[in-house]
Amino acid sequence: MHNTPRASSESGPPADHSFLVRGLTKAQASERLARHGPNTVRQPRRTPVWARVAAQLRDPLILVLLAAAVLTTLTEDLADTVVILLVVTVNTAVGVIQEIRADRAVSALSDLSAPTVRVLRDGAEHEVASADLVPGDVVLLDEGDIVPADAVLYEASALLVDEASLTGESVPVDKTALDPSVEPIEDNLLQAGTVVIRGRALAEVTATGATSALGRIAALMQDRPGPTPLQHRLAQLGRVLAAVVIGLCLVVFALGMLRGQPTESMAVTAISLAVAAVPESLPAVVTLGLALGARRMAEHHAIVRNLPAVETLGSVTVLATDKTGTLTEGRMVAERLWTPHGTAELTGTGYAPEGEILVDGRPIDAKAAPDVRDLLMAAALCNDSTLLTPGSDPAWSALGDPTEAALLAAAGKAGLDRDTLRREHPRVAEAPFDSDRKRMTTVHQDADGRVWAVLKGAPEVVLDPGFIAAPPEFLHRARYEADLLAADGYRVLAVATRPLDAVPNRTEDEERSMSLLGLVAIRDPPKESARHTITACHEAGITPVMITGDHPATARAIATRLGILHDRDEMVLTGTDLREDPQRDVTTARVFARTTPEQKLTIIQAWHSRGHVTAMNGDGVNDGPALRRADIGVAMGRRGTEVARQAADLVLADDEIATVVAAVEEGRRVYDNIRRFLVFGLSGGAAEIAVMLLGPLVGLPLPLLAAQILWINLLTHGLTGVALGAEPAGAGTMRRPPRPPEQSILGDGLWHRVLRLGLCVTAVSLAAGTWGDHTGRAWQTLLFLTLLGAQLGVVIGLRAHTFTRANPFLPIAVLASAALGLAGVYVPVLRDILGTDALPVSDLLVALAGVFAGFAAARVDRRIAAGGSRTGSGG
């Protein structure tokens, strides 16, 4: 955490305490407001809609489609023109909507600011808008208040502040008043956006707006994320296709002219082939695949805010995740107990007072273990928190210090009810907890007049001869047990008691000669699904990385328990390590602790600069910049801050991290289907080109008319191609490594597949045409139907599961395309437009043979591709 600057003429330590009584004058406040500006997060300049639309239309693939639309207009192919323009319009609209939603991220920071705040001005208390707060203002804070600006404490009473959303610290932090004679330390500083859990405070504002903690985070979120891996790959493909289209037009036109064909006829034919070479339904396939992926993920309670994020998850090579509330429950739980008579474990999750007490792995009745019962009863009495029963939220919740709430839940598992305990053992005196004493003591008087005290606090303070009456060997043993628990990432509390003769006048005087009841080990435990998620990441070739603001020992313990670290000796880097050695290669570490929002961002950028595709999973304000900078940001929906949700591309509505694995599978499915479509579409286009170029060499002067080429293109690239984007994931999708980030969408053997299948379809089609020509049949129509049939056979053969019912749209689309192909031969109107001839039914067997040939070729090609692929990608 950065220390808030305070050495200025406006917000330095007051010369005397009278300043804290008077505060600023209204004139001073107005002058400083004019100089520093309002206490709000600066909003980014809004991009006009026209600029967003222009940016979408500059995409290389979209430019190719627009060129294809011009060509189809020149050939008077209205159907293809409408389809292409519709695809461009939908794609542009979706992209613009996504950008507008993403720009809400920084504006959400203002929701964390307190709308009004109590300040001292002109010697009186006033309530002013948080936006009007200025450096030097004296603010008054109570339990439940949001800290409105960075400030230094001058008065504090039992102040406990929740900084989790800014620092990732899972336990609320005790704050103390500044000693004016020394420089402030972290314990004396408050940060904007944190929440007062307990106590009261009087503080002087040191930084507002852009210079506050929230403002610094907002500044980190100004940079826009770059294109996704899929957008990069499609842009490359667009450039390749543009070059192919231009070259193809020139080659076909030139060859036709050399053969003496009419100029107008060859121009139309060349344009038609160019259109056939462009898989104009590719954006529709991409959009459909992403939309279906988003719908499937919604069934897993994952909300997709940015459609390309669906596919990006499938490309992820590094999953960076926050700890508190992401890998862990976000609720403190007492898990282990130590008493002078032995140890015990507690089961259960959250704040629900439900679970078992285990001794040597076996459940016991607390009445049979008086040492455990006495320990938990004392911990429940020396306690200011309250458990709230489930209401609209099915989970138990807590009011007050989460650590104390965990003690109440533990006591409930022993059959001890807080309200009953307080009635039977009412509190008559207390010495409250504060960060200087690091302990709390309460005095209770029973109905029979018995008076006794309970002490609870940090072991390093309580386990001392000044508090505990016990032999040195006993205290050494207790300290040893406390150290072991702390090394495992627990927050440890020691609990002691002693009888009193009467209610004391001063409770602190009775904190001596105590009997140690035992130790309670508390922590924010890992989610049950988190370990399975980390294991699935390892199997899928994804590197899990933990980045937290919590203590290194806690981070190491959780990481080891989840399998992120496999050895307790593995390196854990801290924010201090990163500050002291900014040139360190952070990609060698898997766990980072005590990190600031700026450092989280640096870690994500380091992995990104190494060529990795990064996903960041978090829930706090401190995760916002990293969520926005990562290739994909994943936020928690329930406990996540609005900042995290708005900065993310994917929001887990049920806070279930296991959904990330399902999302990765969806992303890989989408990408596999895009590649599957490219194999189908490009091989078909290549076959059409090859037929036109090679046909004259085997005696077929003009193998296909321009209208026939466009009709085949419409039937294959249209409904059938789009339906291919809905194919389910293949077997082993999550047991293969992610594809290399630098790999082209045509890489990993896809070009070879296009050429193999294109050659096969070409050979079958030319064979049918040549046979028809030699036997006196309508060879051009026969070639037309065979070429269409072979491509439809290929699309069925490319399925991962041939007879699956998971995507019924594909076989329906294939049958519809086949029917429309036959209509082009047997319906008079279409026959006249396409220039085909009606065939005898027996000749259709040739076209049917083309279907089977295409299917067989695709199945064989799948086996060849599976054997040669480095990533085992589907398609």
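Here, residues in each chain are numbered from 1, in the same order as that chain's written sequence. Selection of residues for local features in this predicted model requires a pLDDT of at least 70, selection of side-chain atom pairs for listing and counting requires 80 or more, and totals for whole chains, interfaces and linings are taken over all residues. The basis for every side-chain value is the complete set of non-hydrogen atoms in the structure, without hydrogens or water.

Here the focus is the packing of aromatic side chains. Ring pairs are drawn from Phe, Tyr and Trp, using the six-membered ring of Trp, whenever the two centres fall within 6.5 Å, and their geometry is named by plane angle: stacked under 30 degrees, edge-to-face over 60, tilted for the rest. In this structure the tally under the stated criterion is one aromatic pair. Ring geometry for Trp338 against Phe474: centres 6.4 Å apart, planes inclined by 40°, an arrangement best described as tilted. Here the residue Trp338 occupies a position in strand β10 (residues 333-339), and Phe474 occupies one in helix α16 (residues 472-487), the gap between them amounting to 136 residues. With a 1.4 Å probe rolled over the protein chains alone, any residue whose accessible area is under 20% of its type maximum counts as buried; one over 50% counts as exposed, and the rest are partly exposed. Overall, Phe474 belongs to the buried group, its relative accessible area being 19%. The ring of Tyr490 is capped by Arg523, whose NZ or CZ atom sits 4.1 Å from the centre of that ring. Secondary structure is summarised from DSSP: a helix means a run of H or I of at least four residues, a strand means a run of E of at least two, and numbering begins at the N terminus for each. For a lysine, the NZ atom is tested; for an arginine, the CZ atom; a charge sits over a ring if that atom is within 6 Å of the ring centre and within 35 degrees of the ring normal.

We now examine a nonpolar patch on the surface. Nonpolar side chains (Val, Leu, Ile, Met, Phe, Trp, Tyr) are joined into patches within 5 Å and like charges within 9 Å, using only residues with over 30% relative accessible area and no salt bridge. For every accessible area listed, the method is Shrake-Rupley and the probe measures 1.4 Å; residues are considered covered only by the protein chains on display. Salt bridge, as applied in this entry: a Lys or Arg side-chain nitrogen positioned within 4 Å of an Asp or Glu carboxyl oxygen. Residues Val240, Val244, Trp751 and Leu755 make up a contiguous nonpolar surface patch of roughly 340 Å² in combined accessible area. At the level of secondary structure, the elements contributing two or more residues to the nonpolar patch comprise α8 (229-258) and α25 (750-774). Relative to the helices and strands, Val240 resides in helix α8.

As for its placement among the helices and strands, Gln708 is situated in helix α24 (residues 706-724). Classification of Gln708 by relative accessible area gives buried; the value is 0%.

Turning our eyes to something else, we now look at the packing of helix α23 (residues 658-694) against α24. Axes are the key here: two packed helices are described by the angle between their axes and the distance separating the axes. The N-to-C vectors of α23 and α24 enclose an angle of 170°; their axes lie 10 Å apart at closest approach. Here α24 runs roughly antiparallel to α23, going by the angle between their axes. Residues Asn673, Arg676, Phe677, Phe680, Gly681, Glu688 and Met692 of α23 form the contact with α24, whose participating residues are Ile709, Ile712, Thr716, His717, Thr720, Gly721 and Leu724. Think of it as three bins: nonpolar holds Ala, Val, Leu, Ile, Met, Phe, Trp, Tyr, Cys and Pro, charged holds Asp, Glu, Lys and Arg, and polar takes everything else, Gly as well. When grouped by side-chain class, the residues that make up the contact of α23 with α24 number six nonpolar, six polar and two charged. Inter-axis angles, ranging from 0 to 180 degrees, are taken between N-to-C directions of lines fitted to C-alpha atoms, where helices are fitted over the stretch in contact. With respect to orientation, any angle under 35 degrees is reported as roughly parallel, any angle over 145 as roughly antiparallel, any angle of 65 to 115 as roughly perpendicular, and every other angle as oblique. By the convention used here, residues are in contact when the closest approach between their heavy atoms is within 4.5 Å.

Turning next to the sheet that holds β10. If you walk across this open sheet you meet the nine strands as β13-β12-β11-β10-β20-β19-β18-β17-β16, and the pairing is antiparallel. The open sheet has two edge strands with one neighbour each: β13 (362-364) and β16 (427-431). Strand-to-strand twist of the sheet, defined as the mean angle between neighbouring strand axes without regard to direction, takes the value 25°. Two elements, strand β17 (residues 439-445) and strand β18 (residues 451-457), share seven bridges in a ladder whose sense is antiparallel. Residue pairing across strands places His444 opposite Trp452, the latter belonging to β18. Relative to the sheet, α16 contacts β10, β19 (491-500) and β20 (515-523), its axis offset from that of β20 by approximately 5°. Pairing between strands is defined by DSSP: at least two bridges between the two strands are required.

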